[in-house]
Amino acid sequence: MQTIVPASNPNPDLKWEEKKEFNVGIDFMSWNSRINGSIDFYNRRIDGLIYDYSVPTPPNLYNVTTANGGTMENRGVEVLVNVVPVQMRDFEWTTSASFSINSNKLKSLSGSVFKTEYDFFDTGTAEYSGQVTSSHRVQVGESIGNFYGFKVVDVDDEGRWIYEDRNGELVNYKDFTHAPEDKHVIGNGLPKWYAGWNNTLRYRRWDLNVTMRGAFGFQVINGARLNYENTKNSRFENRLKTVFDPVFGKVPLSKEVEPEFNSYYIEDGDYWKIDNITLGYTFGKIGKYIQSLRLYGSVLNAFTFTHYKGIDPEVSTDGLTPGYDTRDRYPQVRSFTFGVNVSF
């Protein structure tokens, strides 16, 4: 006999989150339209964030109710500039640059009806050597995307971690208790600003297009190093060569050190990429039926400039756990394309 039972606590007041946004923009043009662009400022507030609140049972059927509550604020500036620096009969250069900066802050978790016991919650998971721990903390008054874990600042002469505790004091490996209260914000996976620069050059029948972009002011959890750069990996042949590198420029990590998620495996993720380079040549009218013919070659994912040691610093920035470079990611592969455009 089949029966129907409630799957969650009822909440007739549950509704969509509400977004309120204030925008101010300036469009400009000069030099006979050879310089133009825009500057936009926005301040966005989202009220009634949907969250799972703890509730008592009874009278509720379940110990969690989905309801509206918290508030998030985002603000930023976006700039776009288009310029034609050179405009001649046989040669023309067109360039455009973009810049954007954004900051966000969680203003509250509680709503008018449902309240949270704490002003934070931990989310995300960092996996290493068969162990799992939380990787991010979302806290009122802080930005989304914060990594949260133990902070290491040095190693001793034997290669054992030296930690910074909750009071900012340095503690040796054997004396550190790994209490949750000693964790710190050790990075953030959301870029603070983005930039782009596109250029198109034309010389007679030749044309060259170069597309570039970058992201800056963020960090990445290097999952490969976290798993394969510790001295107690269960399979020796799977270790990275860097496991024997000096830590903080001093000595290799001691075999006494247990694997853990800490600030040493977080790296600056700043990058600048040349996404695409396309070179083409356009022929004039060919024969009776072909009005124009263009041959071109293109390189996709041409170059990446970064100090990040992993596969690719451009990792996910979605959700509440951005900036984690997992081991199941594939790199962006450089590819070459050759083509023909024909107009009849």
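Note that this is a predicted model, so its numbers are computed, not measured.

Engineer: Before we go on, may I ask you to explain the sheet that holds strand S14 (residues 219-222) in this structure?
Structural biologist: Backbone hydrogen bonds hold the strands of a sheet together, and the pairing may be parallel or antiparallel. Strands sit in the order S15-S14-S18 across an open sheet of three strands; the sheet is mixed. Edge positions in the open sheet fall to strand S15 (266-268) and strand S18 (324-325), since each of these has one partner strand only.

Engineer: Before we go on, may I ask you to explain the pattern of salt bridges in this structure?
Structural biologist: Opposite charge on two side chains permits them to pair, given that their charged atoms come into close proximity. Tallied over the entire structure, the rule returns 20 salt bridges. The salt bridge partner of Lys19 is Glu21, with a shortest N-O separation of 3.9 Å. Owing to a relative accessible area of 56%, Lys19 belongs among the exposed residues under this scheme. By relative accessible area, which is 35% here, Glu21 ends up partly exposed. Here Lys273 ties to Glu314 by a salt bridge, and the two come within 2.8 Å at their closest N and O atoms. In this pair, Lys273 is assigned in strand S16 (residues 271-283) and Glu314 in the loop between strand S17 (292-306) and S18, connecting sequence segments 41 residues apart. You can call Glu314 partly exposed: its relative accessible area is 24%. Through salt bridges with shared partners, a single ionic network connects Arg213, Lys273, Asp275, Asp312 and Glu314.

Engineer: Explain the packing of aromatic side chains here, please?
Structural biologist: How two aromatic rings sit relative to each other is set out by the distance from centre to centre and by the angle between their planes. According to the stated counting rule, one finds 18 aromatic pairs in the structure shown. Ring geometry for Trp161 versus Tyr264: centroids 5.3 Å apart, planes at 55 degrees, classification tilted. Residue Trp161 is found in strand S9 (residues 161-164), and its partner Tyr264 is found in the loop between helix H1 (223-228) and S15; the two are separated by 103 residues along the sequence. The exposure class of Tyr264 is buried, given its relative accessible area of 18%. An aromatic cluster is built from Tyr51, Tyr53, Phe114 and Phe121, whose rings are joined through pairwise contacts. Here Arg137 stacks its cationic end above the ring of Phe120, 3.7 Å away from the centre of that ring.

Engineer: Hey, could you run me through the sheet that holds strand S12 (residues 193-203) in this one?
Structural biologist: Taken together, the nine strands give an open sheet; going across it, the order is S1-S2-S3-S4-S12-S13-S16-S17-S19, and neighbouring strands pair in antiparallel fashion. Every interior strand has two partners, whereas the edge strands, strand S1 (18-30) and strand S19 (335-343), have only one. Shown here is a sheet whose adjacent strand axes are inclined to one another by a mean of 15 degrees, direction ignored. Bridge analysis of S16 against S17 gives 12 bridges, and the strand direction is antiparallel. Bridge pairing in S17 links Asn276 to Leu300.

Engineer: What's the story with unusual backbone geometry in this structure? I'm lost.
Structural biologist: Residue Pro58 follows Thr57 across a cis peptide bond; omega there is -20 degrees. Looking at the element boundaries, Pro58 is found in the loop between strand S2 (35-54) and strand S3 (64-87). Look at the link from Pro58 to Pro59: it is a cis peptide, with omega at 10 degrees. As for its position among the elements, Pro59 is in the loop between S2 and S3. With a phi angle near 55 degrees, Trp31 is a residue other than glycine that sits in the positive phi range. The topology assignment puts Trp31 in the loop between S1 and S2. Judged by relative accessible area, which is 42%, Trp31 ranks as partly exposed.

Engineer: What should I look at first to understand the environment of Pro12 in this one?
Structural biologist: Relative to the helices and strands, Pro12 resides in the segment before S1. Between the C-alpha atoms of Pro12 and Val153, which are 141 residues apart in sequence, the distance is 51 Å.

Engineer: Just checking my understanding: could you explain the nonpolar core for this structure?
Structural biologist: One broad trend across soluble globular proteins is that nonpolar side chains are buried collectively. Counting residues in each nonpolar core, the largest one holds 22 residues, and the members touching the most others are Trp161, Tyr163, Leu226 and Phe261. Sorting the residues of this core by element identifies strand S5 (120-128), strand S8 (151-155) and S9 as the ones contributing at least two each. With residues up to four places along the chain from it excluded, the contact list for Tyr163 reads Phe150, Lys151, Val152, Glu169, Leu170, Val171, Tyr173, Phe176, His178 and Glu260. Membership of the second largest hydrophobic core comes to nine residues, among which are Leu49, Met72, Phe121 and Val138.

Engineer: Just checking my understanding: could you explain the environment of Phe248 for this structure?
Structural biologist: Its place among the elements puts Phe248 in the loop between H1 and S15. With relative accessibility at 38%, the residue Phe248 sits in the partly exposed group. Remark: the alpha-carbon pair of Phe248 and Val24, spanning 224 residues in sequence, is separated by 47 Å. Ignoring any residue separated from it by four or fewer positions in sequence, one finds Phe248 in contact with Val152, Val153, Asp154, Val155, Trp161 and Tyr264.

About the criteria used
- Residues numbered from 1 in each chain as written.
- Predicted model: local features only at pLDDT ≥ 70, side-chain atom pairs only at ≥ 80, totals over all residues.
- Heavy atoms only, no water.
- Pairing = 2+ DSSP bridges.
- Helix = DSSP H or I, 4+ residues; strand = E, 2+ residues; numbered from the N terminus.
- Salt bridge = Lys/Arg side-chain N within 4 Å of Asp/Glu carboxyl O.
- Buried < 20%, exposed > 50% of the residue type's maximum accessible area, 1.4 Å probe, protein only.
- Phe/Tyr/Trp six-rings, centres within 6.5 Å; stacked < 30°, edge-to-face > 60°.
- Lys NZ or Arg CZ within 6 Å of the ring centre and 35° of its normal.
- Axes fitted to C-alpha atoms, helices over the stretch in contact; angles between N-to-C directions.
- Core = buried A, V, L, I, M, F, W, Y, C linked by side-chain atoms within 4.5 Å.
- Contact = heavy atoms within 4.5 Å.

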